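Reading the structure
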Amino acid sequence: MTLIPYMKAYFVLFLLILVSCGEEEKPDNGWDVDNGSDFQQIEQLFEGDKFENPDHLMLLEELDICNMNLNDSTSTVAKCSPDNFKIEAISTEKEVKNAFLLYTASEIQLRGHPLPLPIRHIMVFERENGKLIRTNGFRGELVETRNSKGPYKDLLIAYYVKRDDTVFLCLYKWRNGKYSFERVEGLDWGEGMKPLKPELQDSMNTDIHNTIMESKLEFGQSFD
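Rules of the game
Residues numbered from 1 in each chain as written. Predicted model: local features only at pLDDT ≥ 70, side-chain atom pairs only at ≥ 80, totals over all residues. Heavy atoms only, no water. Helix = DSSP H or I, 4+ residues; strand = E, 2+ residues; numbered from the N terminus. Expected span 1.5 Å × (residues − 1). Buried < 20%, exposed > 50% of the residue type's maximum accessible area, 1.4 Å probe, protein only. Arc of directions from axis to C-beta. Contact = heavy atoms within 4.5 Å. Pairing = 2+ DSSP bridges.

Here we come to helix H3 (residues 201-214). The end-to-end C-alpha distance of H3, which contains 14 residues, comes to 19 Å, matching closely the 20 Å that a straight helix rising 1.5 Å per residue would cover. Turning to H3, its buried residues are Gln201, Asn205, Ile208, His209, Thr211 and Ile212. Around the axis of H3, the buried residues are gathered within 155° of arc, so they sit on the same side. Opposite the packed face of H3, turned more than 90 degrees from it, sit the exposed residues Asp202 and Glu214. Considering only its buried residues, H3 is in contact with strand S7 (154-161), strand S8 (166-175), strand S9 (178-188) and strand S11 (218-219). Trailing H3 by a residue or two, lysine 216 shows a phi angle of about 60°, which is positive.

What follows deals with the sheet that holds strand S5 (residues 131-139). Spatial ordering of the open sheet is given by S2-S3-S4-S5-S11, a layout of five strands whose pairing is antiparallel. Whereas interior strands pair on both sides, the edge strands pair on one side only; in this sheet they are strand S2 (85-89) and S11. By the bridge criterion, six bridges tie strand S3 (residues 99-104) to strand S4 (residues 121-128) in an arrangement that is antiparallel. Across the sheet, residue leucine 101 finds its bridge partner in S4, namely valine 124.

See the structure below:
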């Protein structure tokens, strides 16, 4: 089984399952989820030729990772357009230009990187001393954001780990200037997404996060 086709096919099905399940009452699994938190499903489609928010295009230009010339048919670098990139605000206290999440389509090539990204990437940026700094990077599917008790939204990310042929659904919270792994909320080894039992959280969270790190599905300021 190759990674790229599986990721594409799986996540289309996976998101449909999430939507259909969302119409039913969610069982109490005993986890400490903030009562009253807002769940904000991220639109998964990459489409369009113009950003509704002009700040998004300005941020891409500042990052210098894509081709601003949308009519250029000679460059292999991805065009700075909504069919390749999405930008989401992550803080209720900072403007999007100072703290945001950049979500990329798969199979696009960024400036400065010799090969296309095989799967979707999630990158988090925050402005420090006037300069954008990448605080986090994830190779996975952004399922949703959640309002938290603090100013920074929580992130729910789905990873496919080829070695285990399993999808892990993981929650991240903002701590000390970046997103940190919080817990596994579900896993699917081919029988549908299932919640991780509370009694297994302590023992399995560490092991699963180590697997994600070993698979290089998390990264920082370097793509390594």
